[in-house]
Amino acid sequence: MNTQSDWIPLAGIQLRKAGVQFDAVRVDGDEGRALADVLARMTGGDPGPVVEEANGRRAVYFLVPVGSTSHRAWPEGITRLTAGPNRVSYVPVPALGGQTWPLSWRHRPAADGRLVHTLLLRSALQSQEWACGR
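The present account deals with the structure reproduced in this document. Please read all numbers here as calculations on a predicted model, not as lab measurements.

Observations regarding the overall build of the chain
Line of reasoning, step 1. Looking only at helices and strands, the chain features four helices and seven strands.
Line of reasoning, step 2. When the helices and strands of the chain are read in sequence order from the N terminus, they spell out α-β-β-α-β-β-β-β-β-α-α.
Line of reasoning, step 3. Its C-alpha radius of gyration of 14 Å places the chain within 12% of the 14 Å reference for a compact globule of 134 residues.
Line of reasoning, step 4. With respect to the three principal axes, the spread of C-alpha positions in the chain is 40 × 35 × 30 Å.
Line of reasoning, step 5. Going through the 134 residues of the chain one by one, you find that 46% of them count as buried.
Line of reasoning, step 6. A separation of at least 24 residues holds for 79% of the contacts in the chain among residues at least 6 apart in sequence.
Line of reasoning, step 7. Carbon and sulfur atoms make up 50% of the accessible area of the chain, which totals about 7,100 Å².
Line of reasoning, step 8. Here the chain holds 15 positive side-chain charges and 12 negative ones, and the gap between their average locations is 4 Å.

Rendered as C-alpha cells:
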C-alpha cells in the first residue's frame, strides 16, 4: 500500500506519474480556484489534496483515485491526467513546506491518505455556483 510519504517530496517539486498513487483533474485559471472553493464548501473545508500553480496556466490539480475519471464525460476545459495504453501523464507535486514556487497546496493532503472524491468533484463542476463562476 502506498503511503503519503511515498508521493510527497521532502523538498521542492517532483513530477509523479499518474495512475500509480493517484490520477488528477486539471482546471486552469480562476475557474480552477473557484471550483476548489466550491468543493471545499461541499466538504466542510477538507476536499482532499489540491495543488495550485502560480504562473503559466495557473492550473489547479485535484488529486483523485486512480482510474476514477475514466468512462465519464467531462466538461470542456477539464484535463484528465491519467495513465493507460499509449498514454502517460505526469502531475507536479510540491513538498509540504519550503521552496516550492510556483506550486503550492491549496488544500493539503489529509493524514489518512484520502484523495479528492471524484463524484463530489463532478458534482461541484455541475453545481449552480460553478456555472456562475464560468
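Regarding the side chain of Arg-26
Line of reasoning, step 1. Assignment of secondary structure puts Arg-26 in strand E2 (residues 23-28).
Line of reasoning, step 2. Within polar-contact distance, the side chain of Arg-26 engages the side chain of Asp-28 at 2.9 Å.
Line of reasoning, step 3. Dropping the residues within four chain positions of it, Arg-26 is found in contact with Arg-57, Ala-59, Val-60, Tyr-61, Gly-77, Ile-78, Thr-79 and Leu-81.

Looking at the pattern of salt bridges
Line of reasoning, step 1. Counting across every chain of the model gives eight salt bridges.
Line of reasoning, step 2. As a salt-bridge pair, Glu-52 and Arg-33 come within 3.7 Å of each other at their nearest N and O atoms. Taken as a pair, Glu-52 in strand E3 (residues 50-53) and Arg-33 in helix H2 (residues 29-42) lie far apart in primary sequence, 19 residues in all.
Line of reasoning, step 3. On the accessibility criterion, Glu-52 (15% relative accessible area) is buried.

Rules behind the numbers
- Residues numbered from 1 in each chain as written.
- Predicted model: local features only at pLDDT ≥ 70, side-chain atom pairs only at ≥ 80, totals over all residues.
- Heavy atoms only, no water.
- Helix = DSSP H or I, 4+ residues; strand = E, 2+ residues; numbered from the N terminus.
- Rg over C-alpha atoms; globule rule 2.2 N^0.38 Å.
- Buried < 20%, exposed > 50% of the residue type's maximum accessible area, 1.4 Å probe, protein only.
- Contact = heavy atoms within 4.5 Å.
- Areas by Shrake-Rupley, 256 points an atom, 1.4 Å probe, with all protein chains shown as cover.
- Lys, Arg positive; Asp, Glu negative; His and termini not counted.
- Charge placed at Lys NZ, Arg CZ, Asp CG, Glu CD.
- Polar contact = N/O pair within 3.5 Å; in protein donor to acceptor, adjacent residues only side chain to side chain.
- Salt bridge = Lys/Arg side-chain N within 4 Å of Asp/Glu carboxyl O.

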